[in-house]
Every structure is written in structure tokens, then in C-alpha cells.
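# Remarks on the overall topology
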Amino acid sequence: MMMTIISRILVVSALLAAPSNAFMGGTPKKQRSTRLKAVPYKIGAKTEGVLMNNRFVVDSLRQVVPDDMEMGDVDLLRFALAYPDDRVGAEKALKNAIKWRKTTGKSIVDAAKDAVAKATANGGWDNEVVRDAAPHADVINNFITPKAVITTSTEDGDLVYVIRASQIDDKELMNKASVEQVCDFFMYAKEVHNIVANKRSEKGRLCSVLFANDISGVRKAPDKRFSQALTSSSDQYESLYPSLAGPTMILNLPLILQAFVGLLKPLFPKSVQERLVFKRAPVLASLKELTPLGTDPLMKTKFTREVVSLLP
């Protein structure tokens, strides 16, 4: 029974990507390069160099972008990296993303763009502006809080999305919101991450989103409706935001299940399996809730350094 519960919560954790509850400005202090099988570049690689190596494809993709749509070199570079030696495939994926951004996803994209602009207007980050602008925030923000979900930054500038699923009352959430509403909420989160990561990438290094999923406190399987909403948004992630995700870390797995890691990996989508990491994270485990990662600079530094040390 516990194996089934953990298996379901692991898959949900890998799919979940909630809004940024605390982007702490991360000024790069050092360069770290870690080879990933899932993407054809190194975490920490200089954007200028990666762009130079892919300039021909990026310029080709530029011809696909409509005049009324704003997409920078980094946006296009991520599509080029996702389809190495396959310019046709990159163009097809880009066209599909453009279609989504102009139709189904337009309100999400526009809301995220306006929210990030307002949040950074004074040179810092006003997180409440971003939270309040999320689709259906009046309902969903009562359940997706900084206690359970938070986004912070490494010292190099990569985003670290942290979730402790055991502190989300997903059943009550799904009694208040529909699957479609929750899906829109998560797509907005992905767009916010995309905007911030690409902005940072323009300044020197290609930034990624690292996923830290804390399994501490898991006692029950997630609500099926919640899983459905997460699956729906996750299915669109790789196609709409290629080459953005870094490693997915499953942290603080109960000791009794650590021996079954080999059996758990196949439960994840193949794209996630390639960058999946199972580790213990003592700093994270010591927290009763995730809020200090956004309010305590010392704790935030200790945690993000712990995350970096766990990277493959």
C-alpha cells in the first residue's frame, strides 16, 4: 500500500510546477557545468557560446516568428537545442508553440508578461503581484502557498522549484477548482519561469529550472483530479518550453523505499527519467515548512548550495 502511495506521489511531484512563490535574486558567483543527457549543452554554459554554435538554426527559426510576436534569441535557442541536427523538427515545434501562444495560451502568456513586468518595475521582485495575477488565484492561492511550494535561485542564477506535496490539500483544492482551472494555473507558472530564466540567460549563462521534490510527510496518494490537471500541463511542458528543465530531484525518500529506486524510475515519463536524481537533502528535511526559503537568506543559501551539491 505504501509503495503504491509513494509511487503516485512521486509521479505527481515530477509533474508539478506551481507559480513562483519567492524568486530571490541570484547574482552568479561562479560557473558550474554539469553534463546532462537530456539536453545538448551543459548547465552553466555561457549563452554566447551556445548561441554561436547554434546561430544558423536560430536565425532560421527567426523566419517562422510572426512580426507581432516577441521572441528573443534565447527563446529560439531552446528550440534549437531540443532538436539537434533537426531543423525541420525545431521549426514544427516552434510553430506549434506560436499557435498556442496566439490562441489557447494567449491570456496566460499576456498575464505572465504583465505580472513579471510589474514585479520587477522597482528593480527587485514583488512576488505578490505574480501570485495575484495567476489564473483563478482567488481560489487556488489558498492551497498552493509558500509553505508547500516555493521557487528560489541558486547563486549562479538557476531557478530551483521546490515542492512538498504532503502540505497541499489537493482534495479540497479540487473540490473548489476544476481540472482545467488548475491546469491553467500551472501553465501560467511555467510561463513565469520561462520569462525569468530567459531574461537571466541573456546576461551570461544559460539558466535552467531545477526541480526539488521533497517527499517528506507523504501519507496518502494524491487526488486523481489533481493528478489529471498536472498531467495535462506537463504534457505541454516539453513542447512549449523545450530545453528549460534541468534535473528533477526526488528528495528525502523513505529509507524503506530507497532500495526500490530502480523500480520507481520507469514510472516517470522518459524525458524525466533522463534527468532524475534520488537523494537525501538534510537541510530541506529539517524545515517544518518551505516558507523560510523565501524569508531567511541564510537558510536559502544553505539549501541552494545543498541542491547544487546534489546535481549529477
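This is a predicted model, so every value here is computed, not measured.

### Some thoughts on the packing of aromatic side chains
Tallied over the entire structure, the rule returns five aromatic pairs. Ring plane angle 70 degrees and centroid distance 5.9 Å describe the contact between F185 and F186, whose orientation is recorded as edge-to-face. The burial state of F185 is the same as that of F186; both residues are buried. Aromatic side chains F211 and Y237 sit 6.3 Å apart centroid to centroid with 75 degrees between the ring planes, which places their arrangement in the edge-to-face category. Pair noted here: F211 is in strand β5 (residues 209-214) and Y237 is in helix α11 (residues 224-240), with a separation of 26 residues, a long-range link. In this pair, the class of F211 matches that of Y237, namely buried. An aromatic cluster is present here, built from Y161, F211, Y237 and Y241 joined pairwise through their rings.

### Quick look at helix α5 (residues 87-102)
Between the first and last C-alpha of α5 there are 22 Å, a value that for 16 residues agrees with the 22 Å anticipated at 1.5 Å per step. When we look at burial in α5, the residues that qualify are G89, A90, A93, L94, A97, I98, W100 and R101. Looking at the buried positions of α5, the neighbouring elements they touch are α3 (55-62), α4 (73-82), α6 (106-119), α10 (179-201) and α11.

### Quick look at the confidence of the model for the protein
Reading predicted coordinates in detail is not appropriate for stretches of low pLDDT. On average, residues of the protein score 84 in pLDDT, and 81% of them reach the 70 mark or higher. Counting contacts from residues 17-39, a segment whose pLDDT is below 50, to residues more than four positions away or on other chains yields 89 contacts.

### Thoughts on the packing of α4 against α10
One can describe the packing of α4 onto α10 by two numbers: an axis separation of 9 Å at closest approach and a directional angle of 100 degrees. Between α4 and α10, the interaxial angle falls into the category roughly perpendicular. Only N194, A197, N198 and S201 of α10 make contact with α4, whose side of the interface consists of V74, D75 and R78. Among the residues forming the contact of α4 with α10, the class breakdown is two nonpolar, three polar and two charged.

### Examining the pattern of salt bridges
Scanning all chains against the criterion turns up 13 salt bridges. Here E70 makes a salt bridge to K113, at a shortest N to O gap of 3.5 Å. Of the two residues, E70 is situated in the loop between α3 and α4 and K113 in helix α6; the sequence distance between them amounts to 43 residues. Put simply, R131 and E128 hold a salt bridge, and the shortest N to O gap is 4.0 Å. Taken together, the residues span about one helical turn, with R131 and E128 both in helix α7 (residues 127-133) at a distance of three residues. Here E128 falls in the partly exposed class, since its relative accessible area comes to 47%. Several salt bridges converge on common partners, so that one network encompasses R55, D59, R62 and D73.

### A short note on the sheet that holds strand β3 (residues 149-153)
One open sheet accounts for five strands, arranged β3-β4-β5-β6-β7; its pairing is mixed. Each having just a single partner strand, β3 and β7 (276-279) make up the two edges of the open sheet. This sheet shows a mean twist of 20 degrees between the axes of neighbouring strands, independent of strand direction. When strand β4 (residues 159-164) meets β5, the two strands line up parallel, connected through six bridges. The partner of V162 across the bridge, within β5, is A212. Helix-sheet contacts for helix α17 (residues 297-310) involve β3, β4, β5, β6 (245-251) and β7, and the interaxial angle to β3 is about 80 degrees.

### Observations concerning the pairing of β5
Two faces belong to every sheet, and in a regular strand the side chains alternate between them. The element β5 is largely enclosed, with a buried count of six among its six residues. Covered by surrounding structure in β5 are V209, F211 and N213 together with L210, A212 and D214, the residues of both alternating faces. Pairing geometry for β5 and β6, over five bridges, is parallel. Opposite D214, over in β6, you have L251 as the bridge partner.

### What to know about the environment of E155
Relative to the assigned elements, E155 resides in the loop between β3 and β4. On the accessibility criterion, E155 (19% relative accessible area) is buried. For the pair E155 and T304, spaced 149 residues apart in sequence, the C-alpha separation works out to 7.6 Å.

Calculation criteria
Residues numbered from 1 in each chain as written. Predicted model: local features only at pLDDT ≥ 70, side-chain atom pairs only at ≥ 80, totals over all residues. Heavy atoms only, no water. Phe/Tyr/Trp six-rings, centres within 6.5 Å; stacked < 30°, edge-to-face > 60°. Buried < 20%, exposed > 50% of the residue type's maximum accessible area, 1.4 Å probe, protein only. Helix = DSSP H or I, 4+ residues; strand = E, 2+ residues; numbered from the N terminus. Expected span 1.5 Å × (residues − 1). Contact = heavy atoms within 4.5 Å. pLDDT = per-residue confidence, 0-100. Axes fitted to C-alpha atoms, helices over the stretch in contact; angles between N-to-C directions. Parallel < 35°, antiparallel > 145°, perpendicular 65-115°, else oblique. Nonpolar A, V, L, I, M, F, W, Y, C, P; charged D, E, K, R; others polar. Salt bridge = Lys/Arg side-chain N within 4 Å of Asp/Glu carboxyl O. Pairing = 2+ DSSP bridges.

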